[in-house]
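Here is how the chains run, residue by residue.
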There are 2 protein chains.
Amino acid sequence: MRQTNLFVTTLREAPAEAETVSHQLLLRAGYIRQLAAGVYTYMPLGRRVLRKIENIVREEMDASGAQELLMPSLQPAELWKESERYDVYGKELMKLQDRHEREFVLGPTHEEVVTTLVRDEISSYRRLPLIVYQIQTKFRDERRPRSGLLRGREFLMKDAYSFDTGWEGLDLAYEQMYNAYGRILDRCSLTYRAVQANAGAIGGKGQNHEFMALSEIGEDTVAVCSICDYAANIEQAEVHSGDAFEEQDFSGIPAPVKFHTPNQKTIQQLEQESQIKPQDIIKTLIYTDGGKNFAVLVRGDHEVNELKVQKYLGCGEIALAEYDSVQAAAGVGSGFVGPAGLSLTILVDAAVAGMAEAVTGAGEKDYHLRGVVPGRDFLLTHVGDFRNAATGDICPVCGEGKLVFHQGIEVGHVFKLGTVYSEKLGATFLDAAGRSQPMVMGCYGIGISRLLSSVAEQNHDDQGLIWPAAIAPYTVHILLMSVKDEGQREVAEALYAQLTAIGIETLLDDRDERAGVKFKDSELIGIPVALVVGKGAAEQKVEYMDRRAGTKELIDISETVARVSVV
Amino acid sequence: MRQTNLFVTTLREAPAEAETVSHQLLLRAGYIRQLAAGVYTYMPLGRRVLRKIENIVREEMDASGAQELLMPSLQPAELWKESERYDVYGKELMKLQDRHEREFVLGPTHEEVVTTLVRDEISSYRRLPLIVYQIQTKFRDERRPRSGLLRGREFLMKDAYSFDTGWEGLDLAYEQMYNAYGRILDRCSLTYRAVQANAGAIGGKGQNHEFMALSEIGEDTVAVCSICDYAANIEQAEVHSGDAFEEQDFSGIPAPVKFHTPNQKTIQQLEQESQIKPQDIIKTLIYTDGGKNFAVLVRGDHEVNELKVQKYLGCGEIALAEYDSVQAAAGVGSGFVGPAGLSLTILVDAAVAGMAEAVTGAGEKDYHLRGVVPGRDFLLTHVGDFRNAATGDICPVCGEGKLVFHQGIEVGHVFKLGTVYSEKLGATFLDAAGRSQPMVMGCYGIGISRLLSSVAEQNHDDQGLIWPAAIAPYTVHILLMSVKDEGQREVAEALYAQLTAIGIETLLDDRDERAGVKFKDSELIGIPVALVVGKGAAEQKVEYMDRRAGTKELIDISETVARVSVV
């Protein structure tokens, strides 16, 4: 492609609303343009990158035995009511009525459509397992679309769905997809971690992993082991519980001592005004599960993980108790509640159980206790992992590495749905014994446009984008320094013709612009190799510039094909 | 692909609502499934065909210098109000509101988006010409979706847009696109004609051609020359006007004679009750252009073409005059109006002007005149082509062939928009002299899903589909007759492995089904070549079946690669 023909305009400045680097650079380099909030046009350069990612995804899906189909964006609203997601999705679901006032939603995902499709086509175990996928535009009316393609309202996704006769089959399909996702992200040169995660609005209770592109701008926090490959969403990260607690002899250990802490209701106040370190304090939090109250104890420098508590209790959503409720249960307002003498069920985080002694609320306004001993001053009946992982925690898997935290952008998600949808929508099959069984499902998504942005976010410098060769819009950028120099032009044209003829995607900057403009645009656009045809052309030399390495090297024109063929 | 894994179910009967053969067969052979009226899922077989067509379209677009981009489906409604198409499109335009109650339309086409995009990117003549295209889902809320993919509400289109500094540039872009369309349809083995057509709701006044797949079920009528390549939409087909009219000597020709035709108001009644042939009658029709009345004369066997009349008069829409108006203008009700003595402007179709004498209304209830002579009994001041072409008319281009009529399905449309959109949406550029000029635009569409259906409509027999090799879902269908026969299975598997290894797309029917079922399904699915591995396998023989020719031939397995490589 000749740059004089290419439909691209580079910008010196990105619009002010572009906050993340990828968003700024994709706009400045002319890859995308905004039509409305969260709605973008892919310009020719952007379309090329998007198609390359699509093709990688398609190849890996096909190689893993998934079959491509294409389901509609227009989905009857009844389907969503049947699956009970019509209300759950809320305002993110875009809705419209057709001319006959029949209601439709614009698919943000396709569980309903695919489940009823497979239900209507397959009735025997003989035709399972099955994995289908599609590459399709999705619509989600984000409350606050942002970061360009990272959180858009119209975006491109690959979604796959597996159908099995049982959980063992699902395990296998899940593994195939998990591995395919790894290959896809590797081929796109993404730095990522597959992390254990929680179920969202998508439903189901099964195992699931998020594929997180590591990036400062990510909205998710990922705990990663410094030694092994353990990685988990912070909400999901297990905390290594350490050794078992042995029966202890408390004889000779002094009783707790009350001391005055006027108005010191928070860990921060205790630290500042009474010089007590957070890790020496026990926080006593009174929760309610809607009916009963109970207490959760965590160390002052830790945070309660409500999901873990819910899981331990086997209950639904929990919340901190209201002021009056705390007063009634603990005899004092929050800030001075302590476990000693509390007549509630007490859940003790393992880190608390392991403390020799600690500071707690005294159960009396403006007083705390020093020297409170777990197991003596309160019961250790319910000890467990009730907190979020924290920096420096020991890895729960290898038991050696320490957890470190990263921000991550979710680019993929694999999820064991089980029978949630098949039961709601009646997708059953007859097993070998002729019994009707619900199909066991998994769903697997990759945000293709989000992946594009994530790669951009990870691959750039101050001058612009730095595309990995596999998804770069072009492999080679020929920069013709002076279009008026006959000799240079001949060399550039010959090189362009030669590279194009052997299938190397080449962009020729044949514009009548100053060298500085060409270098600047080339760095901004971020094609892996630039071949500068300038004064050296007379001696059959071109400058070989490696965008990523930032290196320049004068080489003989005869070497170029060999050099760029291995990019 | 092994058929035991393929997600396809063939049906004996198509659902009753499928009226056209392509719709019935695509459903029965498992290529598509309906989700809602006019909204379909492409199953794996259908997706494969669709992708092959997409790729052909993409290759030809790229080869013609068009650049691919991808514009959103969600389009701000304001844009459509600015272009004044929001109301014109009416109920076909699907509309929705986002969570902030901002109104969007789901793009049925992208003139508004692309025009504003190019407006914002390009300001100098130096960056024109430009052709961009996309392959994108479109939405159109058809009043009566029908014929499966032929008239759907969500469908796949390729749309391209050209931008030039002037009309000469547009002519060139138009020609490039016209030629690319020919190559695309040829590669898809479609039987089609490019016909001159009228502008629809799309706007603009320029030249345009529709690419019509010839088919009995087509909703359009196309006039085609029996000798040259002239083809036109019936509304647009010119009628060869024959020789110029010479001054005639009317002396000795008897005056018209009045005769009684009680209640014979129509051509049919005159023919049946008075034995007068339609081609000997002149129909006198009184029209109004909203203000003035005028008469149009056509032969009894011809139909007035109102567009031609409008063009001749340079006026807007015309309509037949109301009864009272006819009475007032002609002194008699319609059925007995004649041109003789009529004090209105009279437009005379050339075929009428060429009649020696004719029967016309007498201007008196229940009477007609015989022996009315054009040029003597009424003026030939306004002679022209005012009728629809009719079977047997001489071709207006070569003057030798005769026009025949076909039904056609519009699969493509190329259109010189001119400056309609660029003026409304402010897409201007500065020319070499620094003057601001509107860009001159063209638009070019191909219905990709409609093309798929049209090819199916043209390529089938009673047993099923017959895909052209270039877009068939697979090239070869291996039919393993008995999965329990070890020898047959080995031969089939070896053949499958061999063909797949050299890139020949092969479907292996490895199902445990009777031979009859396999043959029936194979014919229904319509893969170009079936290789039957049956009893001959023991002697290294397979049966080579050509789906289109309907031939069978026992060949040596060693010949198969050579044979299928040239399909």
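Structure's up top.
Rules and cut-offs
Residues numbered from 1 in each chain as written. Chains lettered and ligands numbered in written order. Predicted model: local features only at pLDDT ≥ 70, side-chain atom pairs only at ≥ 80, totals over all residues. Heavy atoms only, no water. Core = buried A, V, L, I, M, F, W, Y, C linked by side-chain atoms within 4.5 Å. Buried < 20%, exposed > 50% of the residue type's maximum accessible area, 1.4 Å probe, protein only. Helix = DSSP H or I, 4+ residues; strand = E, 2+ residues; numbered from the N terminus. Domains from an automatic or database assignment. Contact = heavy atoms within 4.5 Å. Buried area = accessible area lost by both parts, 1.4 Å probe. Salt bridge = Lys/Arg side-chain N within 4 Å of Asp/Glu carboxyl O. Polar contact = N/O pair within 3.5 Å; in protein donor to acceptor, adjacent residues only side chain to side chain. Nonpolar A, V, L, I, M, F, W, Y, C, P; charged D, E, K, R; others polar. Pairing = 2+ DSSP bridges. Axes fitted to C-alpha atoms, helices over the stretch in contact; angles between N-to-C directions.

Caption draft 1: Structural detail: the nonpolar core. All names here are of chain A. By size, the foremost hydrophobic cluster in this structure holds 61 residues, and its most contacted members are Y31, M61 and W467. If one sorts the elements of this core by residue count, helix 6 (residues 167-187) sits on top with 8 residues. For this core, the domains that each give at least three residues are domain 1 (21-187 + 426-457) and domain 3 (474-565). With residues near it in sequence (within four places) discarded, W467 still touches L26, Y31, V49, L452, V455, A456, A472, P473, I525, G526, P528 and R548.

Caption draft 2: Layout of the environment of L117(B). Among the structural elements, L117(B) can be located in helix 4 (residues 111-121). Along the sequence, L117(B) and M71(B) sit 46 residues apart, while their C-alpha atoms lie 9.6 Å from each other. If we skip the residues at most four places from it in the chain, L117(B) touches F7(A), R33(A), T41(A), M43(A) and L69(B).

Caption draft 3: The interface of chain A and chain B, seen in detail. Taken together, the contact pairs 56 residues of chain A with 56 residues of chain B. Note on chain A versus chain B: buried area summed over both sides is about 5000 Å², and carbon and sulfur give 58% of it. The three residues of chain A that bury the most area against chain B are F7(A), L70(A) and R99(A), which together make up 16% of that side's buried surface. The interface formed by chain A and chain B contains 6 salt bridges. Salt-bridge contacts for D98(B) lead to R153(A); the nearest nitrogen and oxygen are separated by 2.9 Å. Where chain A meets chain B, there are 24 residue pairs in polar contact (both at pLDDT 80 or more). In terms of residues, the side of chain A that touches chain B owes the most to one element, helix 2 (residues 44-63) of chain A, which gives 5 residues. Residues that form the side of chain A that touches chain B fall into these classes: 30 nonpolar, 8 polar and 18 charged.

Caption draft 4: Representation of the sheet that holds strand 4 (residues 74-76) of chain B. Residues and elements named next belong to chain B. Reading across from one edge, 4-6-5 is the order of the 3 strands in this open sheet, with antiparallel pairing throughout. Where the open sheet ends on each side, the last strands, each with one partner, are strand 4 and strand 5 (94-97). In this sheet, adjacent strand axes meet at a mean angle of 40 degrees when their direction is disregarded. Bridge analysis of strand 4 against strand 6 (residues 103-106) gives 3 bridges, and the strand direction is antiparallel. When the bridges of strand 6 are listed, P76 appears paired with F104.

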